[in-house]
Amino acid sequence: MEMPHASLEYALECDARDPLRAYRDRFHLPVGPDGKTAIYFCGNSLGLQPRSVREHVLAELEDWATLGVEGHVHARHPWMPYHEFLTPAMARLVGALPHEVVVMNSLTVNLHLLMVSFYRPTPQRRKILVEYSPFPSDRYAVASQIAFHGYDPDTDLIELKPRPGTDHIEPADIRAVLEEQGPQIALVLIGGVNYYTGQAYDLAAITRWGHDQGCIVGFDLAHAAGNLSLRLHEDGPDFAAWCSYKYLNSGPGSLSGIFVHERHADDPALPRFSGWWGHDKQTRFRMPDRFVPMRGAEGWQLSNPPILPMAAMRASLEIFEEAGMEALTHKSRALTGWLEQLLATSGHDRVRIITPSDPDQRGCQLSLRVEGGDRRLFERLSRQGIIADWREPDVIRIAPVPLYNSFADAWHFAQRLRQALA
Ligand SMILES: *Cc1c(COP(=O)(O)O)cnc(C)c1O
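Being a predicted model, the structure only gives us computed values, none of them experimental.

## Thoughts on the pattern of salt bridges
1) Next: Considering all chains together, one arrives at 28 salt bridges under this definition.
2) Next: The residue Glu 379 makes a salt bridge to Arg 375 at a minimum N-O spacing of 3.0 Å. One end of the pair, Glu 379, and the other, Arg 375, are both in helix H13 (residues 375-383), 4 residues apart, so they sit about a helical turn from each other.
3) Next: For Arg 375, a relative accessible area of 36% gives the class partly exposed.
4) Next: Overlapping salt bridges, with partners in common, bring together Asp 167, Arg 352, Arg 369 and Asp 394 in one network.

Structure, rendered in structure tokens:
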């Protein structure tokens, strides 16, 4: 039986009413094997290219061609302070103060740099708490930090586990682990949205529970930035880092953002690995011997900024500034909620959504567990112009992204999934 409002007509009506509908045309949409526009549900893995990226990058190539080194000062957007052009928009996007945020390096590099400062284990308090099945790179990074300090990741890396037979981690269980083992935990480092299940965590609550136990609290927001409305300053974690090529549409392998809470902005006692771009910019070019960090997140920079990926990121952040996270999350909830309903009522039991159905515990991603881990279903969908993502052992991740996906996309996906299962 068809549920009410499950039709393509209804989807087209929703699209016509969508105040964000014009943004789709500002992105390059890939084509499927049939030469038609693909259903791109993979913005959680690699965001699409904003059309404006080309002109932003070309402007820098032209300035480099015509100005050479003088571009550091005389380019239309001078290269010397280039990272500063990104800061206000990036800070708004994650709900931070401007001096709490900077764009630099890639994500895993930044996790290491931040752990150098914020993972300071002692024999009594040396554990790191992560969520079940963290992204592999995060697990490697955390385990290697523990080993680097001479401790044993087998005992000192602890993982929050879902209850047997369930897929999510109950907030009450996070609290319980912190209450039981808090005094031994040096660092809580959780993915704001788990990459595999799509579960989103309550950052404010975890921060409070961690701080109550004297732990440092950090978040990896790779799957949260540009996906959820974040309030990092208010929620109060000590630090966070995220990449910009997923929901932030800044291009493959692009740069990472970091957040360091204001309370650490002026702490010279914090150890850190230093480089010249983190040095006080008033005296940077006098090249003094002694390192004096910039105030706030900028003090963690090492190198002068790579202009070309930052130009692409400027183009993308301009779009987020225009659209606004609030409007984006509003549409995101409607779109993902509707897709979830379509999938739930399509009458098959070989595919089950493992992402929480509570909209406060997820972003736009839905993870579909395929019975028996049968990858052929995913391959069939790919041949039909669906671009999604298969994760071993048995999950198809789909992300209807509010900036460029439509209700019609959701309808077509559900339709093709039903056909593929038939
Ligand atoms: C995408 C992602 C990464 C990737 O790290 P890079 O250093 O950018 O290659 C790391 N951690 C998480 C949680 C991710 O989602």
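## Quick word on the site of the ligand
1) Next: Around the ligand sit Leu 107, Thr 108, Phe 135, Asp 138, Asp 220, Ala 222, His 223, Tyr 245 and Lys 246, and those are all the residues in its vicinity.
2) Next: Contact between the ligand and Tyr 245: an oxygen atom at 2.6 Å from a side-chain N or O atom of the residue.
3) Next: When isolated, the ligand has an accessible area of 390 Å², and the protein chains bury 83% of it.
4) Next: Across the shell around the ligand, the residue classes break down as 4 nonpolar, 2 polar and 3 charged.

## Observations concerning the sheet that holds strand E13 (residues 395-398)
1) Next: With antiparallel pairing, the 4 strands of this open sheet are ordered in space as E9-E10-E13-E12. Bordering the open sheet on either side are strand E9 (351-353) and strand E12 (389-391), each of which pairs with just one other strand. Put simply, the sheet's adjacent strands are angled 30° from each other on average, direction ignored.
2) Next: Here E9 runs beside strand E10 (residues 366-370); their pairing, made up of 3 bridges, is antiparallel. Each bridged residue has a counterpart across the sheet, and for Ile 353 the counterpart in E10 is Leu 368.
3) Next: Helix H12 (residues 325-344) contacts E9, E10 and E13 of the sheet and is inclined by roughly 20° relative to E10.

## Comments concerning the packing of helix H2 (residues 53-67) against helix H11 (residues 307-323)
When two helices pack together, their arrangement is captured by the angle between the axes and the distance separating the axes.
1) Next: At their nearest, the axes of H2 and H11 sit 8 Å apart, and the two run at 145° to each other. Between H2 and H11 lies a crossing of right-handed hand. Between H2 and H11, the contacting residues are Val 53, His 56, Val 57, Glu 60 and Leu 61 on the first element and Ile 307, Leu 308, Ala 311, Ala 312, Arg 314, Ala 315 and Glu 318 on the second.
2) Next: Across the contact of H2 with H11, the residue classes tally to 8 nonpolar, 1 polar and 3 charged.

## Observations regarding helix H4 (residues 82-94)
1) Next: Residue Pro 88 marks the point of greatest curvature in H4, where the axis turns by about 30°.
2) Next: Buried within H4 we find Tyr 82, His 83, Leu 86, Thr 87, Ala 89, Met 90, Ala 91, Leu 93 and Val 94.
3) Next: At its buried positions, H4 is contacted by H2, strand E2 (101-104), helix H10 (232-235), strand E7 (239-243), H11 and H12.

## Here we look at the packing of H4 against H11
1) Next: Running from N to C, H4 and H11 point in directions that differ by 35°, and their axes come no closer than 10 Å. Two packed elements cross with a definite hand, and for H4 against H11 that hand is left-handed. Contact residues: H4 offers Tyr 82, His 83, Phe 85, Leu 86, Ala 89, Met 90, Arg 92 and Leu 93, while H11 offers Ile 307, Met 310, Ala 311, Met 313, Arg 314, Leu 317, Phe 320 and Glu 321.

## Focus on helix H5 (residues 107-118)
1) Next: Its 12 residues give H5 an end-to-end C-alpha distance of 16 Å, which sits within 8% of 16 Å, the value for a rise of 1.5 Å per residue.
2) Next: In terms of burial, H5 is largely enclosed, as 9 of its 12 residues are buried.
3) Next: Taken together, the buried positions of H5 are Leu 107, Asn 110, Leu 111, Leu 113, Leu 114, Met 115, Val 116, Ser 117 and Phe 118.

## A word on the domain arrangement of the protein chain
1) Next: In terms of domain boundaries, the protein chain breaks down into domain 1 (8-44 + 324-421) and domain 2 (57-321).
2) Next: When each unit is reduced to the centre of its C-alpha atoms, the spacing between domain 1 and domain 2 is 29 Å.
3) Next: Between Asp 167 and Arg 369 there is a salt bridge, and its shortest N-O distance comes to 2.7 Å.
4) Next: Counting across the domain 1 and domain 2 interface gives 14 residue pairs in polar contact (both at pLDDT 80 or more).
5) Next: Of all elements in the fold, only H12, E10 and E13 reach the threshold of two or more residues within the side of domain 1 that touches domain 2.
6) Next: Looking at the side of domain 1 that touches domain 2, the element that brings in the most residues is H12, giving 4 residues.
7) Next: Of the residues that constitute the side of domain 1 that touches domain 2, the class distribution is 13 nonpolar, 9 polar and 10 charged.

## Thoughts on the environment of Glu 131
1) Next: The residue Glu 131 is located in strand E3 (residues 127-131) in this model.
2) Next: Glu 131 gets classed as buried once you look at its relative accessible area, which sits at 4%.
3) Next: A C-alpha to C-alpha distance of 18 Å links Glu 131 and Leu 114, two positions 17 residues apart in sequence.
4) Next: Engagement of the side chain of Glu 131 in a polar contact is seen with the side chain of Asn 194, the distance being 3.2 Å.

Rules behind the numbers
- Within any chain, residue numbers begin from 1 and follow the written order of that chain's sequence.
- Selection of residues for local features in this predicted model requires a pLDDT of at least 70, selection of side-chain atom pairs for listing and counting requires 80 or more, and totals for whole chains, interfaces and linings are taken over all residues.
- Side-chain metrics rest on all non-hydrogen atoms present in the structure, leaving aside hydrogens and water.
- By definition, a salt bridge exists where a carboxyl oxygen of Asp or Glu is found within 4 Å of a side-chain nitrogen of Lys or Arg.
- Numbered from the N terminus, helices here are DSSP runs of H or I no shorter than four residues, and strands are runs of E no shorter than two.
- Classification of residues uses two cut-offs on accessible area relative to the type maximum, computed with a 1.4 Å probe and protein chains only: under 20% is buried, over 50% is exposed, and between them is partly exposed.
- Residue proximity to a molecule or strand is established when one non-hydrogen atom of the residue lies within 4 Å of it.
- Under the rule applied, a polar contact is a pair of N or O atoms within 3.5 Å (in protein, one hydrogen donor and one hydrogen acceptor; residues adjacent in sequence only if both atoms are side-chain atoms).
- Per-residue and other accessible areas follow the Shrake-Rupley method at a 1.4 Å probe size, with only the shown protein chains counted as cover for residues.
- Each residue receives one of three labels: charged for Asp, Glu, Lys and Arg, nonpolar for Ala, Val, Leu, Ile, Met, Phe, Trp, Tyr, Cys and Pro, and polar for the others, Gly being one of them.
- Here a strand pair is declared whenever DSSP counts at least two bridges between the two strands.
- Axis geometry follows a simple rule: fit a line to the C-alpha atoms, using only the stretch in contact for helices, then measure angles between N-to-C directions, giving values from 0 to 180 degrees.
- Residue contacts are counted whenever heavy atoms from the two residues lie within 4.5 Å of one another.
- With the far helix as reference, a near helix turned anticlockwise by less than a right angle produces a left-handed crossing, and one turned clockwise produces a right-handed crossing.
- Here the bend at each residue means the angle between axes fitted to two seven-residue stretches, the one ending at that residue and the one beginning there.
- By this rule the span expected of a helix is its residue count minus one, scaled by 1.5 Å.
- Where a domain begins and ends is set by an automatic assignment or by a domain database.

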